[in-house]
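# Examining the three-dimensional arrangement
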Amino acid sequence: MSFNLNRRSLMQGAAAGALILGAGVKPGFAQAKSGGHFRIGKGHGSTSDSHDPATWENGFVQAMGFALYNFLTEVGADGSLVPELATEWEGSEGASVWTLKLRQGVQFHDGSTMTAADVIASLRHHMGEDSESAAKVIVASINNMETPDDYTIVFTLDGGNADFPFILSDYHLAIGKAGDDGKVDWQSANGTGGYMLDNFEPGVRLTLTKNPNYWKEGRAHFDTVEMLSITDPTARTNALLSGQVDVIDRVDVKTASLFDAAPNIKLQTIDGNQHFVFPMDTRIAPFNDNNVRNAIKHAVNRQELVDKVLSGYGSVGNDHPIGKGQRYYAADLPQTTYDPDKAKWYLQQAGMESLNLDLSAADAAFGGAVDAALLIANSAAAAGININVIREPNDGYWSNVWMVKPWTASYWGGRPTEDQMLSTAYATGAAWNDSFWSNETFDRILVEARAELDEAKRRDMYIELQTILNTDGGVVVPMFANYVIAMTTAVGHEEQLGSNMDMDSERSIERWWFV
């Protein structure tokens, strides 16, 4: 039996210990045409970017990773889990042991054949005490990996995890070639993906050539690809309107109407899990006081941000990262609203009458981040919270500002499962816990929810986790933003686009074509 694995069937299959088989890749799209030079204007990228997938943290390197490499599993455009390098997977009763079968005959760009040894080396790159990988926390549950043969891997976890096959789709977990020392040489960019690396200038550009031996049918249509890092939204818009690129992401929604009058340009808007955030460093004063954090949360006019920064292309957030379309979204959780009087009350509980803060922002964080910071400063003033907005340089923002300065602007593309999102950004000690927040109750329930196979109990646990973040967390999540993409009418794609991340879940290079 073969079927696309959705999240509910994954839970049920794990509980029953059933064999879960992945469907094959769809046949080639009838409308797709091979060839051409695809040019992308990307609103991401930094001079600190690298080939190492452990460090990937923005849309530019994510898109690069999906072009150069394959992963064990892939989240389809409809949110279901489909096979990539793993063709099938079986979970034991309790979901603590998973057996994966690998696709045979897949070649790396250097012509060598991918085997289980390459998968083991790739995953180990993110594991161990010395690892600084952002994926360390999501692979930490793997206690052992055995290879009965070259195309079978048995994973033994430290506890049940019904979402384990979804975790293996994480964009950090690219499968590269193992060297003689059992480690992966990421500098070679030797993957099995649809494109091979020509040149990579961090923070500037990426050029790729189609892999002539790519194993996927109906994918990787372009002959060559060029991706430019254009973090300034005006420059990105002009690049598309002047014909320098074929598509841009992170469209400045305030000027989106410009494209309505432009010939041969179309807009695509996708609802998803993308959310814009303002993490506070909870290790230091005043953010180590939850009364201060709650004062700030009630001093933010969320609807104003949606209306003025997103121009309505989004919805208000409630200080947690779970989107309305996800399984366990806490729909009944009371919405935190703009309430200067309540914010003042929380300040008084912290022993303060007023508060002076710096807020660092740049449009590298998200389009309109500086404007959003200024709006927050304006609304917070009514609560006695005086915010000095620091406009930071776009270049180097992710290495010099984010997780360095005490209060910053940032964004998340979301993750396909609640556990993956919460484990990556909110678990104690997670590499990308950008508020450095720690809560023992949260950590305990997060682990319990991961292994819980009773659907109702699991839902209650994830709702409690969202509630804890809402009332105690160190991140202001004021808005969820739609993905807004602009492209020439010469660019083709499937009707449904992936919504886990921008640009068809950052797989546009592999999935799209010229009509």
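One can find the structure itself at the top, above this paragraph.
This section reports on the structure supplied with the text. (Residues numbered from 1 in each chain as written. Predicted model: local features only at pLDDT ≥ 70, side-chain atom pairs only at ≥ 80, totals over all residues. Heavy atoms only, no water.)

### Things to note about the overall build of the protein chain
As a reminder, the rule being used: Elements are defined by DSSP. Helices are runs of H or I of four residues or more, strands are runs of E of two residues or more, and each kind is numbered from the N terminus. Only the C-alpha atoms count toward the radius of gyration. The rule for a globule is 2.2 Å times the residue count to the power 0.38. Under the scheme applied here, a residue whose accessible area is under 20% of the maximum for its type counts as buried, over 50% as exposed, and between as partly exposed, the area being computed with a 1.4 Å probe on protein chains only.
Counting its secondary structure elements, the protein chain contains 16 helices and 22 strands. Taking 24 Å as the expected radius of gyration for a compact globule of 515 residues, we find that the protein chain reaches 22 Å, a close match to that expectation. If one aligns the C-alpha atoms of the protein chain with their principal axes, the spans along those axes are about 65 × 55 × 40 Å. Across the 515 residues that make up the protein chain, the buried fraction comes to 60%.

### Considerations on helix H2 (residues 59–68)
Stated precisely, the cut-off is as follows: Throughout this description, a polar contact denotes any pair of N or O atoms lying within 3.5 Å of each other; where both atoms belong to protein, one of them has to be capable of donating a hydrogen while the other can accept it, and for residues adjacent in sequence the pair is counted only when both atoms sit in side chains.
Judged by how many residues are buried, H2 sits mostly within the fold: 10 of 10 residues are covered. The complete set of buried residues in H2 reads Gly-59, Phe-60, Val-61, Gln-62, Ala-63, Met-64, Gly-65, Phe-66, Ala-67 and Leu-68. At the N-terminal end of H2, a side-chain oxygen is found 2.9 Å from the backbone nitrogen of Phe-60, two or three residues along, and the residue is Asn-58.

### Considering unusual backbone geometry
The residue after Ala-285, namely Pro-286, is reached through a cis peptide bond having omega 0 degrees. Phi angles above zero are rare outside glycine, and Arg-250 is one such case at about 50 degrees. Tracing the backbone through its elements, the reader meets Arg-250 in the loop between strand S12 (247–248) and strand S13 (265–270). Since its relative accessible area comes to 9%, Arg-250 is described here as buried. In this model, Asn-264 sits at a positive phi of 65 degrees, which is unusual for a non-glycine residue. Turning to its location among the elements, Asn-264 is positioned in the loop between S12 and S13. The exposure class assigned to Asn-264 is exposed, which follows from its relative accessible area of 56%.

### What about the side chain of Asp-249?
Heads up, the rule is: By the convention used here, residues are in contact when the closest approach between their heavy atoms is within 4.5 Å.
Of note, Asp-249 is situated in the loop between S12 and S13. Of the polar contacts made by the side chain of Asp-249, one reaches the side chain of His-44; its length is 3.1 Å. Beyond its immediate sequence surroundings of up to four residues, Asp-249 is in contact with Gly-41, Lys-42, Gly-43, His-44, Arg-236, Val-484, Asp-502 and Met-503.

### Quick look at the sheet that holds strand S19 (residues 475–481)
This is how the line gets drawn: Pairing between strands is defined by DSSP: at least two bridges between them are needed. Throughout, an axis means a line fitted to C-alpha atoms (over the contacting stretch in the case of helices), and angles, computed between N-to-C directions, take values from 0 to 180 degrees.
Reading across the sheet, the four strands line up as S15-S19-S14-S18 and stay open at both edges, with antiparallel pairing between neighbours. One side of each edge strand has no neighbouring strand; the edge strands of this open sheet are strand S15 (314–316) and strand S18 (410–412). Averaged over all neighbouring strand pairs, the angle between strand axes comes to 30 degrees, with direction disregarded. Looking at chain direction, S15 and S19 are connected through three bridges and run antiparallel. Bridge pairing links Ser-315 to Phe-480 in S19.

### With respect to the pattern of salt bridges
Operational definition: Salt bridge, as applied in this entry: a Lys or Arg side-chain nitrogen positioned within 4 Å of an Asp or Glu carboxyl oxygen.
Following the criterion strictly, the structure yields 28 salt bridges and no others. The partner of Glu-74 in a salt bridge is Lys-216, with the nearest N and O atoms 3.2 Å apart. Of the two residues, Glu-74 is situated in strand S3 (residues 73–75) and Lys-216 in the loop between strand S10 (205–210) and strand S11 (224–229); the sequence distance between them amounts to 142 residues. Here Arg-507 makes a salt bridge to Glu-510, at a shortest N to O gap of 3.7 Å. Of the two residues, Arg-507 and Glu-510, neither departs from the other in class, the shared state being buried. Three or more residues are tied together by salt bridges with common partners; here these are Glu-74, Glu-84, Lys-216, Arg-219, Asp-504, Arg-507, Glu-510 and Arg-511.

### So, the nonpolar core
The following threshold applies: Residues belong to a common nonpolar core when they are buried Ala, Val, Leu, Ile, Met, Phe, Trp, Tyr or Cys residues joined through side-chain atoms within 4.5 Å.
Grouped together as the largest cluster of nonpolar side chains are 145 residues, with contacts concentrated most on Leu-72, Phe-155, Phe-366, Ile-385, Trp-407 and Trp-512. No other element matches helix H10 (residues 369–380), which puts eight residues into this core. When residues no more than four places from it in sequence are discounted, the contact partners of Trp-512 are Phe-38, His-221, Phe-222, Val-247, Ile-485, Met-487, Val-491, Gly-492, His-493, Leu-497, Met-503 and Asp-504. With 14 residues, the next largest nonpolar core counts Ile-230, Ala-239, Val-253 and Val-484 among its residues.

### Regarding the environment of Ala-481
With respect to the helices and strands, the residue Ala-481 is situated in strand S19. Residues Ala-481 and Val-204, 277 residues apart in the sequence, show an inter-C-alpha distance of 26 Å.

### Focus: the pairing of strand S8 (residues 152–157)
Among the six residues of S8, five are classified as buried, and the element is accordingly described as predominantly covered. Here strand S6 (residues 97–102) pairs with S8 via five bridges, running antiparallel. Within S8, the position partnered with Lys-101 by the bridge is Thr-152. Across five bridges, the pairing between strand S7 (residues 142–149) and S8 is antiparallel. Bridge assignment links Asp-149 to a residue of S8, and that residue is Thr-152. Counted between consecutive antiparallel strands, the loop separating S7 from S8 contains two residues.

### Description of the sheet that holds strand S9 (residues 195–201)
With mixed pairing, the seven strands of this open sheet are ordered in space as S9-S10-S11-S2-S12-S20-S13. The strands lining the two open edges of the sheet, one partner per strand, are S9 and S13. As defined by bridge partners, strand S2 (residues 37–42) adjoins S12 across two bridges and the pair is classed as parallel. Along S12, the bridge assignment pairs Gly-41 with Ile-248. Across the sheet, H2 touches S2, S9, S10 and S11, and the angle it forms with S9 is around 150 degrees.

### Observations concerning the packing of helix H7 (residues 290–298) against helix H9 (residues 340–349)
Quick note on the threshold: Here the angle decides the label: under 35 degrees means roughly parallel, over 145 means roughly antiparallel, 65 to 115 means roughly perpendicular, and every other value means oblique. Each helix crossing is assigned a hand: it is left-handed if the near helix lies turned anticlockwise from the far helix by less than a right angle, otherwise right-handed if that turn is clockwise. Ten residues, namely Ala, Val, Leu, Ile, Met, Phe, Trp, Tyr, Cys and Pro, are considered nonpolar, four, namely Asp, Glu, Lys and Arg, are considered charged, and the remaining ones, Gly among them, are considered polar.
Between H7 and H9, the least distance of the axes is 8 Å, while the angle of their chain directions is 170 degrees. Taken together, the axes of H7 and H9 lie roughly antiparallel to each other. Like other packed secondary-structure pairs, H7 and H9 cross with a definite hand, here left-handed. On H9, the residues that touch Asn-291, Asn-294, Ala-295 and His-298 of H7 are Pro-340, Lys-342, Ala-343, Tyr-346, Leu-347 and Gln-349. Tallied by class, residues from the contact of H7 with H9 come to five nonpolar, four polar and one charged.

### Some words on the environment of Gln-420
Secondary-structure assignment places Gln-420 in helix H12 (residues 418–425). With 322 residues separating them along the chain, Gln-420 and Trp-98 place their C-alpha atoms 17 Å apart. For Gln-420, the contacting residues outside a window of four places in its chain are Ile-138, Phe-166, Ile-167, Asp-170 and Arg-415. Engagement of the side chain of Gln-420 in a polar contact is seen with the side chain of Asp-170, the distance being 3.0 Å.

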